[in-house]
Amino acid sequence: MPVPPYIADHRLARLQKADVDVPWPQRRIWAREACEMLASASPPPASLAVTRLLANDPKWEVRMAIAEKLATLPEIVFRDLSLSLAADTNSFVARAARFALARRTPAARPSAKSRHKELQQMIEGIRGKHGADAAKMAADLANRQSDDYLHSLAHDIKTLITPAKELARRLQHHADSGTIPPADLPCRLVSCIEDLESLTCDINEFARDVKVKKCDENVASMLTTAERTARENIEARGGDCTCVKCIVMVDPSLNVRVSRPLLVMALTNLIKNSIEAHERKSGFSPASVLIVANINDGIFDLSISDMGGPLELSEVTKIRQFIPGGSNKPAGSGFGLPIAHRNIERHGGTLRLDPNGEIGLTARIQIPI
């Protein structure tokens, strides 16, 4: 049932009052309904203000409600909110917004032919500078990495499509036979589709070309945001990681000139990996993740160390390649580390992954400042 137009004015007044506390589940409902009002033929003026307010809500679940409705909004509102939500510190919100951006404003990409020509020019440049053997090695490496990437990606997509196809077949069987399907069947199918959508967003995030806009940012603030988002992502899939503590050793006044959205995304993925290193079949084990950040000789140096136990040399060698896909985690897409690696490289920095003795793994970021 459509919400009466005057309701938008009432809700705006309540949201603007500092002494009125509207529970976040209610704000999430209001966010969805405000977007529906904006998408109508004659949207109430207050619906725009309500939407903008809730797009900046402190609860990611409320912002997510806006992000999920972005594609239905008028163009002028869509352009404004999609850009801000695409840079959201919560990966679920950012993914939903970027997916809406990809659908509404698809980026112009070079054709396969032009990409092939560019690669050939790079190989010829290597040939001219380092000789034919080096050029052949570069071409072989490019082909091998491409093969590994495509094989891993095809495997991940097939893994998601197979159960979705089976669930759809079962729904079709119930429809043909006139029987009522189990109550959880449609929900499970939607969950499979959402996982596939999430993987698509990860692929898009990894492949997209972005401009790095640097500003002076507080390191402690970025780490706080990244840790909170990492825990929210784990909790969203049903994990309870409260027994894993993050010990942060950083000067509260330490600032660095970086692109906050890109670095926070990298930190979120790395912290999430470090917390998940302590996850077992029975749940999370009590442990600590140590995060140390400082500046040494003009280099911003940040390390994240877990206590997840020793890794096989072959496993360390594999993850150091930063090839996306092929995650061995139940809820992983395999794009977290490659996205972190790429975002750090965009700052002119490096990401190293080194065994921390028999204790666990240390991820070390170094960025010239």
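The structure we're discussing is the one just above.
In short, a report on the structure. Just so we're clear, the structure is a prediction, and the values are computed from it rather than from any experiment. Residue indices begin from 1 for each chain and proceed along its sequence in written order. With the structure being a predicted model, the display of local features is reserved for residues of pLDDT at least 70 and the display and counting of side-chain atom pairs for 80 or more, all residues being used for whole-chain, interface and lining totals. By convention in this description, side-chain values take in all heavy atoms of the structure and omit both hydrogens and water.

Considerations on the overall build of the chain
Argument step 1. Here a strand is any run of E in DSSP of at least two residues, a helix any run of H or I of at least four, and the numbering for each starts at the N terminus. Per the secondary structure count, the chain includes 13 helices and 9 strands.
Argument step 2. Under the scheme applied here, a residue whose accessible area is under 20% of the maximum for its type counts as buried, over 50% as exposed, and between as partly exposed, the area being computed with a 1.4 Å probe on protein chains only. Of all 369 residues assigned to the chain, the portion counted as buried reaches 38%.
Argument step 3. Whether two residues are in contact is decided by their heavy atoms: any pair within 4.5 Å suffices. Sequence-distant contacts, at least 24 apart, represent 69% of the contacts inside the chain between residues at least 6 apart.
Argument step 4. Note that accessible areas follow from Shrake-Rupley with a 1.4 Å probe, and for residues the cover is restricted to the protein chains shown. Surface summary for the chain: the accessible area is close to 20,800 Å², and the carbon and sulfur share equals 56%.

Quick look at the side chain of Lys272
Argument step 1. Within the fold, Lys272 resides in helix α11 (residues 260-276).
Argument step 2. Lys272 gets classed as buried once you look at its relative accessible area, which sits at 17%.
Argument step 3. When sequence neighbours within four positions are dropped, the list of residues in contact with Lys272 reads Ala230, Asn233 and Ile234.

Some words on the pattern of salt bridges
Argument step 1. Each reported salt bridge corresponds to a side-chain nitrogen of Lys or Arg within 4 Å of a carboxyl oxygen of Asp or Glu. Taken as a whole and judged by the stated rule, the model has 14 salt bridges.
Argument step 2. In this structure, Asp140 and Lys136 form a salt bridge, with 3.0 Å as the shortest nitrogen-oxygen distance. Taken as a pair, Asp140 and Lys136 lie in helix α8 (residues 132-177) at a separation of 4 residues, close to a single helical turn.

Regarding the nonpolar core
Argument step 1. Working definition of a nonpolar core: buried Ala, Val, Leu, Ile, Met, Phe, Trp, Tyr and Cys residues. They are joined through side-chain atoms within 4.5 Å. Counting residues in hydrophobic clusters, the biggest one holds 35 residues, and the most contacted among them are Val219, Leu267, Leu270, Ile271, Ile275, Phe300 and Leu302.
Argument step 2. By residue number, the principal contributor to this core is α11, which donates 7 residues.
Argument step 3. Setting aside its immediate chain neighbours within four residues, Phe300 contacts Val219, Leu254, Val256, Leu263, Ala293, Asn294, Ile295, Ile365, Gln366, Ile367 and Ile369.
Argument step 4. By size, the runner-up hydrophobic cluster in this structure holds 31 residues, among which are Ala34, Ala67, Leu73 and Ala96.

Considerations on the sheet that holds strand β2 (residues 244-249)
Argument step 1. Note on pairing: two strands pair once DSSP finds at least 2 bridges between them. Across the sheet, which stays open at both edges, the 5 strands sit in the order β2-β6-β7-β9-β8 with mixed pairing between neighbours. Edge positions in the sheet fall to β2 and β8 (350-356), since each has one partner strand and no second. Taken over all neighbouring pairs, the strand axes of this sheet differ in orientation by 15 degrees on average, direction set aside.
Argument step 2. Alignment of β8 against strand β9 (residues 360-368), held across 7 bridges, turns out to be antiparallel. For Pro355, the partnering residue across the bridge sits in β9 and is Leu361. Comment: axis = line fitted to C-alpha atoms, over the contacting stretch for helices; angle = value between 0 and 180 degrees taken between N-to-C directions.

Looking at the packing of helix α2 (residues 24-38) against helix α4 (residues 60-68)
Argument step 1. Where α2 meets α4, the closest approach of the two axes is 8 Å, and the angle between their N-to-C directions is 15 degrees. Viewed along their axes, α2 and α4 adopt a mutual orientation that is roughly parallel. At the point where α2 passes α4, the crossing takes the right-handed sense. Facing α2, whose interface residues are Trp24, Arg27, Arg28, Ala31, Arg32 and Cys35, α4 presents Glu61, Val62, Ala65 and Ile66.
Argument step 2. We call Asp, Glu, Lys and Arg charged. Ala, Val, Leu, Ile, Met, Phe, Trp, Tyr, Cys and Pro are nonpolar, and the rest, Gly among them, are polar. Residues of the contact of α2 with α4, tallied by class, amount to 6 nonpolar, no polar and 4 charged. Working rule for angles: under 35 degrees goes down as roughly parallel, over 145 as roughly antiparallel, 65 to 115 as roughly perpendicular, anything else as oblique. Handedness of a crossing follows from how the near helix is turned relative to the far one, being left-handed for an anticlockwise turn of less than a right angle and right-handed for a clockwise one.

Looking at the state of the cysteines
Argument step 1. In plain terms, two cysteine sulfur atoms within 2.5 Å form what is called a disulfide here. In the structure shown here, the tally under the stated rule is 0 disulfides.
Argument step 2. Cys243 forms no disulfide, and the closest cysteine sulfur to it belongs to Cys241, at a distance of 7.7 Å.

A look at a nonpolar patch on the surface
Argument step 1. In this analysis, a patch consists of residues with relative accessible area above 30% that form no salt bridge, clustered at 9 Å for like charges and at 5 Å for the nonpolar side chains Val, Leu, Ile, Met, Phe, Trp and Tyr. Residues Ile247, Met249 and Leu290 make up a contiguous nonpolar surface patch of roughly 250 Å² in combined accessible area.
Argument step 2. Structurally, the position occupied by Met249 is in strand β2.

Thoughts on the environment of Arg228
Argument step 1. Among the structural elements, Arg228 can be located in helix α10 (residues 219-236).
Argument step 2. Looking at Arg228, the relative accessible area reads 43%, which means it is partly exposed.
Argument step 3. When the C-alpha atoms of Arg228 and Lys272 are compared, they prove to be 9.7 Å apart, with 44 residues separating the residues in sequence.

Describing unusual backbone geometry
Argument step 1. A positive phi angle is found at Asp297, which is not glycine, with a value near 50 degrees.
Argument step 2. If you trace the backbone, Asp297 turns up in the loop between β6 (287-296) and β7 (299-305).

Examining helix α3 (residues 45-54)
Argument step 1. Among the residues of α3, those classed as buried are Ala46, Ser47, Val50, Thr51 and Leu54. One face of α3 carries all of its buried residues, which in axial projection span an arc of 140 degrees. The directions considered for the arc run from the helix axis to the C-beta atoms.

Re the packing of α2 against α3
Argument step 1. The interhelical angle for the contact between α2 and α3, taken along N-to-C directions, is 135 degrees, at an axis separation of 9 Å. Relative to α3, the element α2 is oriented oblique. The crossing of α2 and α3 is left-handed. Contact residues: α2 offers Arg27, Trp30, Ala31, Ala34, Cys35, Met37 and Leu38, while α3 offers Ser47, Leu48, Val50, Thr51 and Leu54.
Argument step 2. Grouping the amino acids of the contact of α2 with α3 by side-chain chemistry returns 9 nonpolar, 2 polar and 1 charged.

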